[in-house]
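A look at the structure
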Amino acid sequence: MNPMLRALAAVSLASSALVSASALAAGGYPTKPITLVVGYTAGGSVDLVARTVAPELGKRLGQSVVIENLGGAGGTIGAQKVVKAEADGYTLLMGSGSEVSIARLTNPAVRYDGEKDLAPITFVGTQPMVLVGKLQLPAKDANELIALAKAKPGTLSYASSGVGTPLNLAGELIKQQGKVNITHVPYKGASAMATDLLGGQIDLAVMVLSSALPHIQAGRVRAYGVTESRRASVAPNVPALAETPALKGVDMGVWFGLMAPGSTPKPVIDRLNTEMQAVLALPEVRKKLGEAGVEVQPANPAQFGSFVKRETAKYKTIVQAADIRE
């Protein structure tokens, strides 16, 4: 290309970028529907969070927010789509710890870095997991369970929804803190895991609290404790595992947050954060999420980014100590 034409083209591109940025800053975004990717099939906890906030977010933005479920590979298929999408605010991710942080620590085939390739928008909140056991176990509480596991090393088993999932990492954290040997049995989903636990084929299971709560309330399983350091407001009678001295370092939940491709312009991030904060303040949204065991903890992009870094460091310690590999 002629040098002068090249220079003119560069000036034109720069001008277009400035106009685009100005339009965004002035509130021109969005001008078309937004796709909110969920890296899991419909019906799970990430999907529930996305479907709770999407309609209200759409109202505030003046455009539809359409859920796209891309299940498979522990959420990484959905995350990969968002990482590769145009960084214009029209393809977003309802992210969780599994695909954002854990996947690349346990699976070398995952090439993206959730901390660098995804931009944090708004932290939604956390949902605790819970350690439950079959009723036939003689241990009545977490303290007795640790004593039983130490008396019979390697004979107890715990189920999770798969290798490298937050449930798996929570189980390994419990083992590390309690200094016990309990065999991990990975399942392909929560349904089969619950069936075998209820049938007595497996001793223990780490489950998302919202999935386990009906079984706990019906007396079909014994709840040893939630995996966050405090009791869940939706289940105040279930102790925190950290209340047991041997497990005082157990503090891990499943988290959710809105994210975008890494180079998304700041005006878009800021607009989305502002509207999401307003959505998460709605009583009906907080009520629905609370009923599912999600404690809403809205945070700005910087706070959310710092949280992800801390969680990733925690996951890395657990993964390396347990040598978890997919």
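- Per an unreviewed UniProt entry, the protein is named ABC transporter substrate-binding protein, and its organism is Cupriavidus pauculus.
- According to UniProt, the comment filed for the protein under the heading Sequence similarities (unreviewed entry) is "Belongs to the UPF0065 (bug) family."

1. Some words on the domain arrangement of the protein
- As far as domains go, the protein holds domain 1 (34–126 + 254–322) and domain 2 (128–247).
- Using only C-alpha atoms to locate each centre, domain 1 and domain 2 end up separated by 26 Å.
- On the side of domain 2, 13 residues touch domain 1, which itself brings 16 residues to the contact.
- Between domain 1 and domain 2, the buried area comes to about 1200 Å², and carbon and sulfur atoms account for 66% of it.
- Among the residues of domain 1 in contact with domain 2, I102, V254 and I318 are the three that bury the most area, contributing 40% of the side total.
- Viewed at the interface, domain 2 and domain 1 are joined by 1 salt bridge.

2. Notes on the packing of helix α7 (residues 166–178) against helix α12 (residues 301–322)
- Relative orientation of the contacting elements α7 and α12 amounts to 70°, with a least axis distance of 10 Å. For the element pair α7 / α12, the angle class is roughly perpendicular. For the pair formed by α7 and α12, the contact residues are L169, E172, L173 and Q176 on the first element and Y315, I318, V319, A321 and A322 on the second.
- Its residues assigned to classes, the contact of α7 with α12 shows 7 nonpolar, 1 polar and 1 charged.

3. Digging into empty space enclosed by the protein
- One pass over the full model with this rule turns up 1 cavity of 30 Å³ or more.
- What the largest cavity holds in volume is close to 60 Å³.
- Around the largest cavity sit L131, L145, Y158, G171, I174, K175, I182, L204 and V206, which together line it.
- Those elements that provide at least two residues to the lining of the largest cavity are α7 and β7 (204–208).
- Top element by residues in the lining of the largest cavity is α7. It accounts for 3 residues.
- In the lining of the largest cavity, the residues fall into 7 nonpolar, 1 polar and 1 charged.

4. Concerning the packing of helix α4 (residues 97–106) against α12
- The interhelical angle for the contact between α4 and α12, taken along N-to-C directions, is 40°, at an axis separation of 10 Å. Crossing hand, α4 versus α12: right-handed. Across the interface between the two elements, G97, V100, S101, I102, R104, L105 and T106 of α4 pack against V308, T312, Y315, K316 and V319 of α12.

5. Looking at the environment of N181
- Tracing the chain through its elements places N181 in the loop between α7 and β6 (183–186).
- Residues N181 and L156 lie 25 residues apart in sequence; the distance between their C-alpha atoms is 7.9 Å.

6. Some details on the pattern of salt bridges
- Taken as a whole and assessed by the stated rule, the structure comprises 16 salt bridges.
- The closest approach of N and O atoms between K81 and E68, which form a salt bridge, is 2.7 Å. Highlighted residues: K81 in helix α3 (residues 76–84) and E68 in strand β2 (residues 65–69), separated in sequence by 13 residues.
- Between E311 and K314 there is a salt bridge whose closest N-O contact spans 3.2 Å. Of this pair, E311 and K314 both sit in helix α12, separated by 3 residues, roughly a single helical turn.
- Of the residues examined, E311 reaches a relative accessible area of 8% and is grouped as buried.
- A relative accessible area of 27% places K314 in the partly exposed class.
- What emerges from the salt-bridge pattern is a single network uniting R104, D113, E115 and K309.

The rules we used
- Residues numbered from 1 in each chain as written.
- Predicted model: local features only at pLDDT ≥ 70, side-chain atom pairs only at ≥ 80, totals over all residues.
- Heavy atoms only, no water.
- UniProt positions renumbered as here; feature names shortened; annotations may be inferred.
- Domains from an automatic or database assignment.
- Contact = heavy atoms within 4.5 Å.
- Buried area = accessible area lost by both parts, 1.4 Å probe.
- Salt bridge = Lys/Arg side-chain N within 4 Å of Asp/Glu carboxyl O.
- Axes fitted to C-alpha atoms, helices over the stretch in contact; angles between N-to-C directions.
- Helix = DSSP H or I, 4+ residues; strand = E, 2+ residues; numbered from the N terminus.
- Parallel < 35°, antiparallel > 145°, perpendicular 65-115°, else oblique.
- Nonpolar A, V, L, I, M, F, W, Y, C, P; charged D, E, K, R; others polar.
- 1 Å grid on protein atoms, 1.4 Å probe; cavity = no way out; pocket = protein on both sides within 12 Å on 5 of 7 lines; lining within 4 Å.
- Points joined across faces, edges and corners; volume = space filled by probe spheres on them.
- Left-handed = near helix turned anticlockwise from the far one by under 90°.
- Buried < 20%, exposed > 50% of the residue type's maximum accessible area, 1.4 Å probe, protein only.

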